[in-house]
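Breakdown of the fold
In case you want the letters, here they are:
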Amino acid sequence: MRRKFMAGIAVAITAVLAACGGGNSGGSSPTPTAVGAKSNCPTGSGKSGNGASVSIGSKSFAEEQLMAQMTKDVLGANGFTVTYTFQAKDKAIGTALVDGDIDMYWQYTGTELTDYLGLASGTFPTALGAAFTYTQKADEPKGLCWVAPTQFDDTNGIAIKQSDAAKFGSSLAAFGAYITAHPSTKVCIESEFLTRPDGLPGLVSTYGWPAASSFKYIQIDTTAEQPIVKGQCDAGEVFTTDSGIAANNEVTLTDDKNLFPPDNAGLVVRDSVLQKYPAIANLMTPVAAKLTTDVMLQLNAQVEIQNKTVEDVAHAWLVQNGFLSS
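Residues numbered from 1 in each chain as written. Predicted model: local features only at pLDDT ≥ 70, side-chain atom pairs only at ≥ 80, totals over all residues. Heavy atoms only, no water.

For the chain, the helix and strand inventory stands at 14 helices and 10 strands. Counting the 326 residues in the chain, one finds 52% classified as buried. The long-range share in the chain, meaning contacts at least 24 apart out of those at least 6 apart in sequence, stands at 79%. Total accessible area on the chain stands at roughly 13200 Å², and carbon and sulfur atoms take up 50% of it. (Helix = DSSP H or I, 4+ residues; strand = E, 2+ residues; numbered from the N terminus. Buried < 20%, exposed > 50% of the residue type's maximum accessible area, 1.4 Å probe, protein only. Contact = heavy atoms within 4.5 Å. Areas by Shrake-Rupley, 256 points an atom, 1.4 Å probe, with all protein chains shown as cover.)

This next bit is on the state of the cysteines. For the structure on display, the rule yields two disulfides. With a sulfur-sulfur separation of 2.1 Å, Cys41 is cross-linked through a disulfide to Cys145. Taking the torsion about the S-S bond as the criterion, the Cys41 to Cys145 disulfide, at about -90 degrees, is left-handed. Note that Cys41 is positioned in the loop between helix H1 (10-19) and strand S1 (53-58) and Cys145 in strand S4 (residues 144-147), a separation of 104 residues in sequence. For Cys145, a relative accessible area of 0% puts it in the buried group. Shown here is the disulfide that connects Cys188 with Cys233, its sulfur atoms set 2.0 Å apart. Around the S-S axis, the bridge from Cys188 to Cys233 shows a dihedral of about -95 degrees and counts as left-handed. Of the two residues, Cys188 sits in strand S6 (residues 187-190) while Cys233 sits in the loop between helix H9 (225-229) and strand S8 (235-239), which places them 45 residues apart along the sequence. As far as burial versus exposure is concerned, Cys188 and Cys233 are alike and both buried. (Disulfide = S-S within 2.5 Å.)

Further remarks concern unusual backbone geometry. Even without glycine at this site, Asn50 takes up a positive phi of about 50 degrees. Here Asn50 lies in the loop between H1 and S1.

Taken as a whole and judged by the stated rule, the model has nine aromatic pairs. Judged by centre distance (4.7 Å) and plane angle (50 degrees), the ring pair of Phe215 and Tyr217 falls under tilted. An identical accessibility class is assigned to Phe215 and Tyr217; each is buried. Here a set of aromatic residues connected by ring pairs shows up, and it is made of Phe168, Phe175, Tyr178 and Trp209. (Phe/Tyr/Trp six-rings, centres within 6.5 Å; stacked < 30°, edge-to-face > 60°.)

It is worth spelling out the nonpolar core at this point. In terms of nonpolar packing, the biggest core is built from 45 residues, with Leu75, Phe80, Trp106, Leu267, Ile280, Leu291 and Leu299 touching the most fellow members. The residues contacting Ile280, other than those within four sequence positions of it, are Leu75, Phe80, Met104, Leu267, Val269, Val273 and Leu274. The next biggest cluster of nonpolar side chains, apart from the first, holds 20 residues, and it includes Ile160, Tyr178, Phe215 and Tyr217. (Core = buried A, V, L, I, M, F, W, Y, C linked by side-chain atoms within 4.5 Å.)

Right, let's talk about helix H13 (residues 293-304) for a bit. Residues spaced three or four apart along an α-helix point in a common direction, a consequence of the helix completing one turn every 3.6 residues. For H13, with 12 residues, the first-to-last C-alpha span of 16 Å sits near the 16 Å given by 1.5 Å per residue. Here H13 has its buried residues at Val295, Met296, Leu299, Asn300, Ala301 and Val303. Along its buried surface, H13 packs onto helix H2 (62-76) and helix H14 (310-320). (Expected span 1.5 Å × (residues − 1).)

The following block contains the structure:
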């Protein structure tokens, strides 16, 4: 699940969800609503910004930068003046949105469900569309509008070399048993993975992995594809649309019990901004609908493996798919 956090809203939203009875996995989960709350998120309409100035932020990795650049290009071609200079990790970027320093950014549903709403796996929908709707409804009372759902699933993964699958097993459960019996195995994770409910604590409770108190996990600053290639890690944390997985002949271990949440993205816009400019949703929804897992893997690879610029990759894809004329 991609990098996180929106300060100050988790407790309030969790209280709303608790009042509504929480959620269940699958598409039949109840939709969270606040009693008496009225949605301030308009339906997308119109095709022009009529000269309006808006700003977008992103997190500082290729996938987020690509989506932000696409947004800047599409809105810019349709009458908006778009500023895109702000990049930060989740706590900072979430605060920037709430405080009005930026008007929108792309966020991941799994991040919202587990870290913002504080929900455990099994208590929210697992289908991408249902998870998006659940998250959308939960955030409406907080003045945050989720629009333009993407079709890719960029959730957590644990990668190993494809050649090691026979030794380690192909599932999270099998690998947990292996590292319990072989404590010298080098498993690399980012620091936040140590405490996230869908990170190491979830692997311990769901799949029987050894806890950090009894196993030495190696902390790294980025995803583990390259450390695995270099032999610094036998296995490590990745995200499932990372281009380096296939490029480095790695595979992700299967998550049979659905610990890792559904994790497509949506454009989160403050309601006051979307009320003024509903064309934002109308223009970006068809773009997001074409961003499948296969598409994002290809686009990420162009930036991360082929060293093309985010600007060039985003522009070429938009032209190819008819969202820009040239």
